[in-house]
Amino acid sequence: MTQHATRRKSLVWIVLIVLALMIGWLAWANLFRELPQTLADDSIEEFFKYGSIGTEDAAGIPFWIWLVLPKMFPEYLPAPGGWAALGFNWEQGRELPVGFSKKTIGFDRVGINCAFCHSGSLRADAEAAPQIVLGAPATTADILGYQRFLFASASDPRFSAGNILAAIAQVTELSMVERLLYRFVLVPQTRAALLGQKADFAWTDTRPYWGRGRIDPFNPVKVSILDTPVGDTIGNADMEPIWNLRPRVEAGYAFHWDGLNTDLGEVFISSALGDGATPKSVPLDDVQRLQDWAMDLAPPAFADYFPIDQALAAEGKPIYDAECARCHAFGGALTGQVMRLSDSAWEGGQTDPHRAAMWTPEAAEAYNAYADKYPWDFSQFRSTDGYVSVPLDGIWLRAPYLHNGSVPYLSELLESPDARSKAFYRGFDVYDPMRMGFVAEGEDAARHGYWLDTREKGNSNVGHLWGTSLEPDAKRALLEYLKTL
Ligand code: HEC
Ligand code: HEC
C-alpha cells in the first residue's frame, strides 16, 4: 500500500469518527440531556405546583404532543374546554395546570407532581373564580378520565406523526431536527408507551369508575411496580389533604386511609414512585423539601371564607369532646390508629371494606422488598384490615366524606346511613357552608360532576354511626364546631 493511500484511509476514519461523535452528541442532546427546570420563582409553593418529582423521565409526555392532544381529540374529553374539562386547577397565564411539571430531558416533557391530587379549589358561588388551596384534596380532578383520554387518543388512527406535526405547526415552529425527532422517534414512541399503559390499566375497565377527586391509589402500583396481582380488588379512595403533617409524625399516626405506613419519608418517596418517578429519577432532596414544607402547612380556615356562629360553635365543643375527640382530636386515645373492621369498638359502624382489602399482605411485602438496593429503602409497609381515625383538621374542605368519598356533606355523616344520599355528583367546587360540602345536586353539579352511586361496589356509604343519634340541636351545634377545626 502506498503512503498516500494509507493517509487517505486514516482521513476517512477520522471523518467517520467525527461524524459518529456528532450524531452521538446530537442524539444525546435531543433525547437525554437533562436541563434544570426554570420556574417562575424559587418558592416552595411554586415548586409544589410546577416542580419536577422525577415523573418526566419514564412517564413524561413530549410537551408539544401533550399540548395539541386536546385540540386533536376533543371528543375523548368529558366536555369542551381542553384540559380544563378534566377539572384541573389552572392559574391564569400559566402554560400548564397546577400539578403538571415541564422538564427538558433531551426534549421538553410533561409530567405530574403531588399537586395534581393534593391541591384543591373552591368557590362561594358558580359565578366566582375558583380559589386554589395548596395541600387540599383535589376534589375536581378526573384522574382516570385523564388516563383514558390519553389511551383513547393513542388508539385512534389519527394519532400519526403527520397529523400531530400538522397540529403542532399551528401553535409553534419546530426546528428541522425537532421535526425529525417528533416524526421518527417521539410520536411513535409516545403512542407505543400509551398503548402499553392502556394494557396495564385494563383492570380498571372491570370496576367502578374512580370519578372526580378519587383514585385507586395502589392497584396501579401493584401492576406497574410490584408485579403482584390486582385480583378482583377495588381500591377506590378519596383524595386526602397533606397539611399539618408534623403533629401526625410526632404522635406516630399512621398514613393513608388504611394506615398502610407510619413512616412519612417512605410515604413521600413511594408517592413519587406511584406517580411515575423511577428509583433513579426521584429527586430525593426536592422530595425532602416538599416534606419539610408540608409538615407545617396549615389547613385553610373556614372563617376566612364563610362566617361561623361562634356561640353555637361553643355549644358544640363539649359534644365533640364527648362523642368524637377520642378518635379524632390530636392527642385522642385512638386518633391516628387503625380501627380494625373486626374490632368491637366499631360498634357496628364499619364502613365499606374494599379499600382496606385492596392492600394485601403480599403487596406490602413486595413493596418492602422493592428498594433493597437503593440508599433509601422501604420497610414499614403493612396490610391492615381497617381505617385510620383521621385527625379532623380542615375537615370542612375534605368533602365528600369517608375514605371512599361516599357522603357528600358533613351534615349527612351525622345522619343514619339510610338517610344519606344514595347517589350524588362529585367534582363541582361550589361550596355549601350550611351542609358543609361541595354542592352535589342540581344542573351545575351535573355538568361538572361525576354521578357516584353508593350502591356500586366500593362506594358504600354505610357505617360511621357516631353522632347519628344526637338530637337535631346538638347536631347543629356540633356541625358549627366542626367548622372551627
Ligand atoms: C394521582 C393522585 C395523587 C398524587 C399525584 C399524589 N397523591 Fe398523595 N394521596 C393520594 C390519595 C388518593 C391518597 C389517599 C390514598 C389512600 O390511602 O387510599 C394520598 C395520600 C397521601 C398521603 C397520606 C396522608 C395522610 O394523612 O394519611 C401523603 C402524605 C401523600 N399522599 C403525599 C403525597 C406526595 C408527597 C405526593 C407527591 C410525591 C403525592 N402524595 C402525590 C393521591 C395522590
Ligand atoms: C371510635 C372511633 C371514632 C369515633 C368515636 C368517631 N369517629 Fe369519625 N371516624 C373514625 C374512623 C375509623 C374513620 C375513618 C372511616 C372511613 O373513612 O371509612 C372516621 C371518619 C370520620 C370522618 C371522615 C373524614 C374524611 O376526611 O372524610 C369524619 C368527618 C368523622 N369521622 C367525624 C366524626 C365525628 C363528628 C364524630 C363524633 C360525632 C366521630 N367522627 C366519631 C372513627 C371514629
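Scroll up for the structure.
Now for a quick tour of the structure. Within any chain, residue numbers begin from 1 and follow the written order of that chain's sequence. Chain letters and ligand numbers both follow the written order, the letters beginning at A and the numbers at 1. The predicted origin of the model limits local features to residues at a pLDDT of at least 70 and limits the giving and counting of side-chain atom pairs to 80 or more, whereas totals for whole chains, interfaces and linings rest on all residues. Side-chain metrics rest on all non-hydrogen atoms present in the structure, leaving aside hydrogens and water.

Observations concerning the side chain of Glu-46
Line of reasoning, step 1. In DSSP terms, a helix is any run of H or I states spanning at least four residues, a strand is any run of E spanning at least two, and both are numbered starting from the N terminus. Here Glu-46 lies in helix H2 (residues 44–50).
Line of reasoning, step 2. Exposed residues in this analysis have more than 50% of their type's maximum accessible area, buried residues have under 20%, and partly exposed residues fall in between, with area computed by a 1.4 Å probe over protein chains only. On the accessibility criterion, Glu-46 (3% relative accessible area) is buried.
Line of reasoning, step 3. Residues are treated as being in contact if the distance between any of their heavy atoms lies within 4.5 Å. Ignoring any residue separated from it by four or fewer positions in sequence, one finds Glu-46 in contact with Leu-39, Ala-40, Asp-41, Gly-51 and Arg-94.

Concerning the pairing of strand E13 (residues 450–453)
Line of reasoning, step 1. Alternating residues of E13 divide into Tyr-450 and Leu-452, all buried, and Trp-451 and Asp-453, none buried.
Line of reasoning, step 2. One requirement defines pairing of two strands: DSSP has to find at least two bridges between them. Direction of pairing for strand E10 (residues 423–426) relative to E13: antiparallel, over a ladder of four bridges. Each residue of the ladder has a partner; that of Arg-426, found in E13, is Tyr-450.

With respect to the coordination of the iron atom of ligand 2
Ideal donor angles around a metal are set by the shape: a four-donor tetrahedron calls for 109.5 degrees, a six-donor octahedron for 90 or 180 degrees.
Line of reasoning, step 1. The coordination sphere of the iron atom of ligand 2 contains the protein donors His-328 (NE2) and His-464 (NE2), at a distance range of 1.9 to 2.0 Å.
Line of reasoning, step 2. Classification of the site at the iron atom of ligand 2 rests on its six donor atoms, whose angles at the metal span 86 to 179°, yielding the label octahedral. Of this pair, His-328 sits in helix H13 (residues 325–328) while His-464 sits in the loop between E13 and helix H18 (472–482), and the two are 136 residues apart along the sequence.
Line of reasoning, step 3. Residue His-328 is classed as buried on the basis of its relative accessible area of 13%. Coordination partners: N, O, S within 2.8 Å of the metal, 3.2 Å for Na, K and Ca; water not considered, so apparent gaps in a site are possible. All geometry calls rest on donor angles, where a four-donor set with angles between 85 and 135 degrees is tetrahedral, four- and six-donor sets with opposite donors more than 155 degrees apart and all others between 65 and 115 are square planar and octahedral, and all else is irregular.

Quick notes on the site of ligand 1
Line of reasoning, step 1. Note on definitions. A residue lies near a molecule or strand when any single heavy atom of the residue is within 4 Å of it. Around ligand 1 there are 24 residues in total, and Cys-114, Cys-117, His-118, His-256 and Arg-355 lie nearest to it.
Line of reasoning, step 2. For this analysis, a polar contact is any N or O atom pair within 3.5 Å, provided that within protein one partner can donate a hydrogen and the other can accept it, and provided that sequence-adjacent residues contribute only side-chain to side-chain pairs. In the environment of ligand 1, a nitrogen atom lies 2.8 Å from a nitrogen or oxygen atom belonging to the side chain of His-118.
Line of reasoning, step 3. Here an oxygen atom of ligand 1 and a backbone polar atom of Trp-257 are 3.0 Å apart.
Line of reasoning, step 4. Put simply, Ala, Val, Leu, Ile, Met, Phe, Trp, Tyr, Cys and Pro go in the nonpolar bin, Asp, Glu, Lys and Arg in the charged bin, and everything else, Gly too, in the polar bin. Looking at the shell around ligand 1, its residues break down into 15 nonpolar, four polar and five charged.

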